[in-house]
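Residues per chain, in single letters:
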Amino acid sequence: MKYWWKALGVLIILYILLVGMLTPLKTGILEASPANLHTGQEATLTVKGYNSNFTLEKEKLRAWLKMDSTRAIAATRIDVVDDREVKLTFPIPAYLPVDQPVKDFTLLIDSPADGASVLPGGLVVTQDSIDTTKGDLLWVNADISQLHEKQAFTFPYRNILYETIRNTYYHVPMWMAMFIILTAGVVFSIRFLWKANPDDDRKAMALTNVGLFLGILGIVTGAIWAKYTWGKFWSWDVKQNMTAIALLIYGAYFVLRGSFEDPEKKARISAVFNIFAYASLVPLLYIIPKLTDSLHPGAGGNIAFGSQDLDNTMKLVFRPAIIGWTLIGLWIAEIILRTARLRERLLED
Amino acid sequence: MDRKQFNGLNMLKATKKASTTLALSLFPFSFLLAQEDTDFLRSMGKMYVVVAVLAAIFIGIVIYLVYLDRKLTKLEDQIKNHE
């Protein structure tokens, strides 16, 4: 079959839609209240779980307040309200073994049914007076060991992101596919300058058109995602600004093409422009955002999803998604190319 | 009225109708977007943000298809006039 790759593209998109949307998230901790605790207090926290099953094997539930990698306080009382709510009681000592007036703690809950879940830095303990020697004496260190891990096909749970972690399959691959398609486009532009075959210019035009379309989808989906994680559709973040500039440069490619009468001149000048546009893409999308502070993962002061958050289950969806969107893009590019060839033939007659 | 004009008029009507439908169907969304914290898109672990992203992709593909369709129609008309 000649068009197998189009069918493959559709199947991959179907796969990423189904698996990407239907796979549940891991268990997590939504919130713990009150978030402000005091020393010398028997603190009872109301903890809300996400996708949790606290009532399953509830006598084996364990919880800690972690101060750092070695020191933690264990919960003395655990009252399970329902699957999504649990009340934890922690005896906070009168003095902490640290010389800070305010110390942040990480809540850790371990359940044989759900595995271990954390609320990183979600709680603060205020010390009325500081005495590290008394703090050291009073400290009863709880050993955190034999944590459970849930064996299931799940996506990671991340606070703030929650279910939007799935956008990794619908936003990020747009940019990857755009990059692949624009690279193919610039290869044809270079080939046109080398061999002067007008069909290479048409191929470059078709591919660049689809690349720009994928870029627009990327920026729109990114803005929607940003609204619910960063707070605004457009935060004037360096990553957002630079991608907008990159897309405007590619938009100029089509304005340029529209402003020439002579087809040969048009093809030559737009091929040269495309090389410049492509050369600006990597600095704009990847280098400049890495140099300054950005909200975007992978940019300055912010690690990429790939290094920490993109676990093996996510890779099973994320990697095919890049191929899927690329194939769909190539399909559209092929239709644009065939339309352009027809127009060319009409002009020849 | 010749065929080409007729087509153009129909297209205009269809576009008007489509854009009105789109605006009306998106209207309930717009006021959901305006609310903070307790709004619909933030419910269920922000699941509807993913739905909104998928809807945006779908609308984007449809707009792109309409654009390509119109280019092809123009070309068909040129071929027809040529004959």
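Since the model is a prediction, treat every value here as computed from it, not as a measurement.

S.K.: I'd like to hear about the overall build of chain A, residue by residue, with values.
M.R.: Helix and strand content of chain A: eight helices and nine strands. Counting over 349 residues, chain A shows a buried share of 47%. Total accessible area on chain A is roughly 17100 Å²; 61% of this is exposed by carbon and sulfur atoms.

S.K.: So, the packing of helix α4 (residues 198–229) of chain A against helix α5 (residues 238–258) of chain A: which residues are in play, and what are the values?
M.R.: Axis angle and axis distance: for two packed helices, these are the angle between their axes and the distance between the axes, and together they describe the pair. All names here are of chain A. At a closest axis distance of 10 Å, the pairing of α4 and α5 adopts a crossing angle of 150°. The angle between the axes of α4 and α5 places the two elements in the roughly antiparallel class. You can see that α4 and α5 cross each other, and the crossing is left-handed. The segment α4 lies against α5, with Asp201, Ala204, Met205, Thr208, Asn209, Leu212, Gly215, Ile216, Ile219, Ala223 and Ala226 engaging Gln240, Thr243, Ala244, Leu247, Tyr250, Gly251, Tyr253, Phe254 and Arg257. A breakdown of the residues in the contact of α4 with α5 according to their chemical character gives 12 nonpolar, six polar and two charged.

S.K.: Tell me about the confidence of the model for chain B, and name the residues and values.
M.R.: On average, residues of chain B carry a pLDDT of 73, and 54% of them reach 70 or more. Across residues 1–8 of chain B, where pLDDT falls below 50, the model places four contacts with residues more than four positions away in sequence or in other chains.

S.K.: So what's going on with the environment of Gly135 of chain A? Which residues, and what values?
M.R.: Looking at the element boundaries, Gly135 of chain A is found in helix α2 (residues 132–138). What Gly135 of chain A contacts, discounting residues up to four positions off in sequence, is Tyr95, Leu96 and Pro97 of chain A.

S.K.: Tell me about the interface of chain B and chain A, and please be specific about residues and values.
M.R.: Contact with chain B, which involves 28 residues of that partner, is made by 32 residues of chain A. The junction of chain B with chain A conceals about 2700 Å² of combined surface from both sides, 76% of it contributed by carbon and sulfur atoms. At the boundary of chain B and chain A, one finds four residue pairs in polar contact (both at pLDDT 80 or more). Broken down by element, the side of chain B that touches chain A gets its largest block of residues, 23 residues, from helix α2 (residues 43–82) of chain B. Tallied by class, residues from the side of chain B that touches chain A come to 19 nonpolar, four polar and five charged.

S.K.: How would you explain α4 of chain A if you had to name every residue and give the values?
M.R.: Residues and elements named next belong to chain A. When the terminal C-alpha atoms of α4 are compared, their 46 Å separation across 32 residues agrees well with the 46 Å that a helix rising 1.5 Å per residue should span. Here α4 lies mainly inside the structure; 27 of its 32 residues are buried. The positive-phi residue at the C-terminal boundary of α4 is Gly231, with phi of around 110°.

S.K.: Give me the lowdown on the pairing of strand β7 (residues 85–91) of chain A, citing residues and values where you can.
M.R.: Successive residues of a regular strand alternate their side chains across the two faces of the sheet. For β7 of chain A, the tally of buried residues reaches five of seven residues, placing the bulk of the element in the interior. Hairpin geometry of strand β6 (residues 77–82) of chain A and β7 of chain A is characterised by an intervening segment of two residues between the two adjacent antiparallel strands.

S.K.: Now, about the nonpolar core: what can you tell me, with residues and values included?
M.R.: By size, the foremost hydrophobic cluster in this structure holds 71 residues, and its most contacted members are Tyr170 and Leu281 of chain A. Within the residue set of this core, elements represented by two or more residues are α1 (4–22), α3 (172–195), α4, α5, α6 (263–291) and α8 (312–348) of chain A together with α2 of chain B. Beyond its immediate chain neighbours, meaning those up to four positions away, Leu281 of chain A contacts Met178, Phe179, Leu182, Ala246, Tyr250 and Tyr286 of chain A. Counting residues in hydrophobic clusters, the runner-up holds 27 residues, among them Ile29, Ala43, Val47 and Phe54 of chain A.

S.K.: An account of the sheet that holds strand β9 (residues 115–126) of chain A is needed here, citing residue identities and associated values.
M.R.: Residue and element names in this part refer to chain A. Spatially, the five strands line up as an open sheet ordered β2-β9-β8-β4-β5, and their pairing is mixed. The outermost strands of the open sheet, each flanked by one partner alone, are β2 (36–38) and β5 (72–74). Strand-to-strand twist in this sheet, taken as the mean axis angle between neighbours without regard to direction, amounts to 35°. Pairing of strand β4 (residues 62–66) with strand β8 (residues 102–111) involves five bridges; the strand directions are antiparallel. Bridged to Arg62 within β8 is Asp110.

S.K.: Outline the sheet that holds β7 of chain A, supporting the account with residue identities and numerical values.
M.R.: Hydrogen bonding along the main chain pairs the strands of a sheet, whether they run parallel or antiparallel. Residue and element names in this part refer to chain A. The antiparallel open sheet is built from four strands, whose spatial order is β1-β3-β7-β6. Sheet topology places β1 (28–33) and β6 at the edges, where each strand pairs with a single neighbour. Geometrically, the sheet is characterised by an average inter-axis angle of 25° between neighbouring strands, direction not taken into account. With seven bridges joining them, strand β3 (residues 42–50) and β7 adopt antiparallel strand pairing. If you follow Ala43 over to β7, its bridge partner there is Phe90.

S.K.: Run through the pattern of salt bridges, naming residues and quoting values.
M.R.: Residues and elements named next belong to chain A. Under the definition given, this model contains 17 salt bridges over all chains. Ionic pairing is found between Asp79 and Arg77, a salt bridge with its closest N-O pair at 3.0 Å. Salt bridges linked by common partners bring Asp199, Arg202, Lys203, Arg341 and Glu344 together as one network.

S.K.: An account of the pairing of β4 of chain A is requested, with residue identities and associated values reported.
M.R.: Residues and elements named next belong to chain A. The sheet contact formed by β4 and β5 spans three bridges and is antiparallel. Each bridged residue has a counterpart across the sheet, and for Lys66 the counterpart in β5 is Ala72. Hairpin remark: β4 followed by β5, antiparallel, with five residues in the connecting loop.

S.K.: Which residues make up the packing of α3 of chain A against α6 of chain A, and what are the values?
M.R.: Residue and element names in this part refer to chain A. Contact pair α3 / α6: the axes reach a minimum separation of 9 Å and the direction vectors enclose 145°. You can see that α3 and α6 cross each other, and the crossing is left-handed. For the pair formed by α3 and α6, the contact residues are Trp175, Met178, Phe179, Leu182, Thr183, Gly185, Val186, Ser189, Ile190, Phe192 and Leu193 on the first element and Ala267, Arg268, Ala271, Val272, Asn274, Ile275, Tyr278, Leu281, Val282, Leu285 and Tyr286 on the second. A breakdown of the residues in the contact of α3 with α6 according to their chemical character gives 17 nonpolar, four polar and one charged.

S.K.: Can you lay out α5 of chain A for me, pointing to particular residues and giving the numbers?
M.R.: Residues and elements named next belong to chain A. With 21 residues, α5 extends 30 Å between its outermost C-alpha atoms, agreeing within 8% with the 30 Å of an ideal straight helix rising 1.5 Å per residue. Among the residues of α5, Val238, Lys239, Gln240, Met242, Thr243, Ala246, Leu247, Tyr250, Tyr253 and Arg257 are the ones counted as buried. Against α3, α4 and α6 lie the buried residues of α5. The distance from a side-chain oxygen at the start of α5 to the backbone nitrogen of Lys239 is 3.0 Å, and the residue carrying that oxygen is Asp237.

Rules used throughout
- Residues numbered from 1 in each chain as written.
- Chains lettered and ligands numbered in written order.
- Predicted model: local features only at pLDDT ≥ 70, side-chain atom pairs only at ≥ 80, totals over all residues.
- Heavy atoms only, no water.
- Helix = DSSP H or I, 4+ residues; strand = E, 2+ residues; numbered from the N terminus.
- Buried < 20%, exposed > 50% of the residue type's maximum accessible area, 1.4 Å probe, protein only.
- Areas by Shrake-Rupley, 256 points an atom, 1.4 Å probe, with all protein chains shown as cover.
- Axes fitted to C-alpha atoms, helices over the stretch in contact; angles between N-to-C directions.
- Parallel < 35°, antiparallel > 145°, perpendicular 65-115°, else oblique.
- Left-handed = near helix turned anticlockwise from the far one by under 90°.
- Contact = heavy atoms within 4.5 Å.
- Nonpolar A, V, L, I, M, F, W, Y, C, P; charged D, E, K, R; others polar.
- pLDDT = per-residue confidence, 0-100.
- Buried area = accessible area lost by both parts, 1.4 Å probe.
- Polar contact = N/O pair within 3.5 Å; in protein donor to acceptor, adjacent residues only side chain to side chain.
- Expected span 1.5 Å × (residues − 1).
- Pairing = 2+ DSSP bridges.
- Core = buried A, V, L, I, M, F, W, Y, C linked by side-chain atoms within 4.5 Å.
- Salt bridge = Lys/Arg side-chain N within 4 Å of Asp/Glu carboxyl O.

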